[in-house]
Amino acid sequence: MSVCRMSLRQMARASALLLACLVARPAAAEQGISAGEVRFVQIAALTGPVASLGSGMRDGIEAAFAEINRAGGVHGRMLRLDPRDDAYDPSRSVPVLRDVLGEDAHIALIGATGTPTIAAMRPLTTAAGLPVIGTFTGATFLRDPELGNVFNLRAGYAAEAEEWARLLVDDRGLKRIAILYQDDSFGRAGQSELIAALKRRDVSLVAEGTYMRNTIAVKAALIDIRRAKPQAVVLIGVARPVTEFILASHSLEFDPLFVSISVGADEIAAELGSDGAGLIITQIVPPHDAALPSATAFRAALAAHDPELQPGFINFEGYLVGRLAIAALEATGPALTRERYLETLRGLRTLEIDGLTLSFSETDNQGLDEIFLMVIDPDGNIVPMIRG
């Protein structure tokens, strides 16, 4: 009798497990959408030398999601972000993405960081039809509207390079320009765009130096660049190597005009302090301390989400990316599916986020186009640069 009872218990347990599996399958098939929740996934550097990039984007997105959740969510659904770490390593990005696609439990990939990591993931996201929103890269390959599933917030590296060339050549009449860049798809993307922008002005680089990703090994590049006696050096790298290059330059009494790409500005300024005075940094979002309504809303949302977080360019970008994702959810309506969400994103044209206008079209999957020139002042603060 006891054996029979045990068998009944086992059968009941097996039936319960089978029922749980059957119930779980529709939830997975809903791709991150349930009656009360919508789930997004972020694959980004959350550890390692550039963790500030991924965590900054995460904090801004979560602030935007928390803001809308306090107001009741979107069509009654709360928004959730699931961050996954790739440590800025493409060999880790792809396995993480494969796991995400296997789970099929997220409506979209949002706030991914890094050109090399996103380049490695791009074929898989395209094949899966997974919406990719607000990546932290200005690489040209993501601005191809034929992709159909990619929606950028930030202006591309081509726009930043054009601004560098306009500032250095058109405004200041400089001809001897060098470049330091990270030796991967990120650095080479910026390098090729700068070469093209200078070529349009009949100017060529006088020197080029590189360093390897996730290192600060810039001294060999510095020696080569210094030998060419440039008037200006464009820095296409993340915060630590850029600050190392500038500090090492000062120690050698090598003081050209430095211009940096829009990556890690707050970290660069914090590390350099007054030693960074005069460094020009292009940015793709407005100053976060401006009176612009979107900046005011961002500061309030970030403080409400986590009072210990300091406003910066990266978490402001993350917040705007979150607001873009929210606006598309609102426009899709309560009958939400990934396919309907993707169609809404594809149909975006003009979107106002508290006074900041994002513009899209059938041939333009990038919302912001303006480049903002910033400079580190003598006190080590990042302030708007006045042209002239």
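- In the annotation of an unreviewed UniProt entry, the protein is listed under the name Extracellular ligand-binding receptor and assigned to Frigidibacter mobilis.
- Reading the Sequence similarities (unreviewed entry) entry of the UniProt record for the protein gives the comment "Belongs to the leucine-binding protein family."

1. A closer look at the packing of helix α7 (residues 219-227) against helix α8 (residues 239-251)
- At their nearest, the axes of α7 and α8 sit 10 Å apart, and the two run at 55° to each other. Considering their axes alone, α7 and α8 lie oblique with respect to each other. The element α7 and its partner α8 pack so that their crossing is right-handed. Residues Lys-219, Ala-221, Leu-222 and Ile-225 of α7 form the contact with α8, whose own contacting residues are Glu-244, Phe-245, Ala-248 and Ser-249.

2. Topic: the pattern of salt bridges
- One pass over the structure, following the stated rule, counts 21 salt bridges.
- Close ionic contact of Asp-170 with Arg-201 constitutes a salt bridge, the shortest N to O distance being 3.0 Å. Of this pair, Asp-170 sits in helix α5 (residues 157-171) while Arg-201 sits in the loop between α6 (185-199) and β7 (205-211), placing them 31 residues apart in sequence.
- Put simply, Glu-162, Glu-163, Arg-166, Asp-170, Asp-171, Arg-200, Arg-201 and Arg-387 are held in one network by salt bridges that share partners.

3. A word on the domain arrangement of the protein
- Looking at the protein, the domain boundaries give domain 1 (37-154 + 289-368) and domain 2 (157-261).
- Taken together, the 13 residues of domain 1 in the interface contact ten residues of domain 2.
- Roughly 930 Å² of surface becomes buried between domain 1 and domain 2 when both sides are summed, with 52% attributable to carbon and sulfur atoms.
- Three residues stand out in domain 1 for area buried against domain 2, namely Pro-49, Tyr-88 and Thr-115, and they jointly supply 43% of the buried area on that side.
- Along the contact surface separating domain 1 from domain 2 lie one salt bridge.
- Between Glu-160 and Arg-154 there is a salt bridge, with its nearest N and O atoms 4.0 Å apart.
- Our count for the domain 1 to domain 2 interface comes out at three residue pairs in polar contact (both at pLDDT 80 or more).
- Partitioning the side of domain 1 that touches domain 2 into residue classes produces eight nonpolar, four polar and one charged.

4. A few points about the UniProt feature "domain: Leucine-binding protein" (unreviewed entry) in the protein
- In the UniProt entry, the feature "domain: Leucine-binding protein" (unreviewed entry) is given for residues 38-380.
- Strand forms 18% of residues 38-380 and helix 44%; the C-alpha atoms that close the span are 41 Å apart.

5. A look at the sheet that holds strand β2 (residues 78-85)
- Overall, parallel pairing links the five strands, which are arranged β2-β1-β3-β4-β5 in an open sheet. Among the strands making up the open sheet, the edge pair consists of β2 and β5 (150-151).
- Where strand β1 (residues 37-44) meets β2, eight bridges bridge the pair, whose relative direction is parallel. Bridge pairing links Ala-44 to Asp-85 in β2.

6. Remarks on the pairing of strand β8 (residues 232-236)
- With five of its five residues buried, β8 lies for the most part within the structure.
- Across the two faces of β8 the burial is the same, with Ala-232, Val-234 and Ile-236 and Val-233 and Leu-235 all buried.
- With five bridges joining them, strand β6 (residues 177-182) and β8 adopt parallel strand pairing. Looking at the pairing, Ile-177 lines up with Ala-232 of β8.
- Sheet analysis places β8 next to strand β9 (residues 257-260), joined by four bridges and oriented parallel. Along β9, the bridge assignment pairs Val-233 with Phe-258.
- In this fold, the crossover linking β8 to β9 by way of α8 has right-handed handedness.

7. Section: the packing of aromatic side chains
- All chains considered together, the criterion is met by six aromatic pairs.
- With a centroid separation of 5.8 Å and an interplanar angle of 55°, the aromatic rings of Tyr-157 and Phe-186 are classed as tilted. Of this pair, Tyr-157 sits in helix α5 while Phe-186 is found in helix α6, placing the two residues 29 residues apart along the sequence.
- Residue Tyr-157 is classed as buried on the basis of its relative accessible area of 2%.
- Consider the rings of Phe-245 and Phe-258, whose centres lie 6.2 Å apart with planes at 85°: the pair is edge-to-face.

8. Thoughts on the packing of helix α3 (residues 90-103) against helix α4 (residues 115-128)
- The interhelical angle for the contact between α3 and α4, taken along N-to-C directions, is 25°, at an axis separation of 8 Å. Relative to α4, the element α3 is oriented roughly parallel. Once α3 is placed against α4, the crossing between them reads as right-handed. Residues Pro-90, Ser-93, Val-94, Leu-97, Arg-98 and Leu-101 of α3 form the contact with α4, whose own contacting residues are Pro-116, Thr-117, Ala-120, Met-121, Leu-124, Thr-125 and Ala-128.
- Looking at the contact of α3 with α4 residue by residue, the classes come out as nine nonpolar, three polar and one charged.

9. Remarks on the environment of Arg-154
- Here Arg-154 lies in the loop between β5 and α5.
- The exposure class assigned to Arg-154 is buried, which follows from its relative accessible area of 1%.
- Residues Arg-154 and Glu-330 lie 176 residues apart in sequence; the distance between their C-alpha atoms is 21 Å.
- Residues in contact with Arg-154, not counting those within four places in the same chain, are Thr-135, Phe-136, Thr-137, Gly-138, Arg-143, Glu-160, Ser-262, Ile-284, Glu-317, Gln-366 and Leu-368.
- In terms of polar contacts, Arg-154 uses its side chain to reach the side chain of Ser-262, at 3.2 Å.

Parameters and conventions
- Residues numbered from 1 in each chain as written.
- Predicted model: local features only at pLDDT ≥ 70, side-chain atom pairs only at ≥ 80, totals over all residues.
- Heavy atoms only, no water.
- UniProt positions renumbered as here; feature names shortened; annotations may be inferred.
- Axes fitted to C-alpha atoms, helices over the stretch in contact; angles between N-to-C directions.
- Helix = DSSP H or I, 4+ residues; strand = E, 2+ residues; numbered from the N terminus.
- Parallel < 35°, antiparallel > 145°, perpendicular 65-115°, else oblique.
- Left-handed = near helix turned anticlockwise from the far one by under 90°.
- Contact = heavy atoms within 4.5 Å.
- Salt bridge = Lys/Arg side-chain N within 4 Å of Asp/Glu carboxyl O.
- Domains from an automatic or database assignment.
- Buried area = accessible area lost by both parts, 1.4 Å probe.
- Polar contact = N/O pair within 3.5 Å; in protein donor to acceptor, adjacent residues only side chain to side chain.
- Nonpolar A, V, L, I, M, F, W, Y, C, P; charged D, E, K, R; others polar.
- Pairing = 2+ DSSP bridges.
- Buried < 20%, exposed > 50% of the residue type's maximum accessible area, 1.4 Å probe, protein only.
- Right-handed = clockwise from strand over helix to strand, strands pointing away.
- Phe/Tyr/Trp six-rings, centres within 6.5 Å; stacked < 30°, edge-to-face > 60°.

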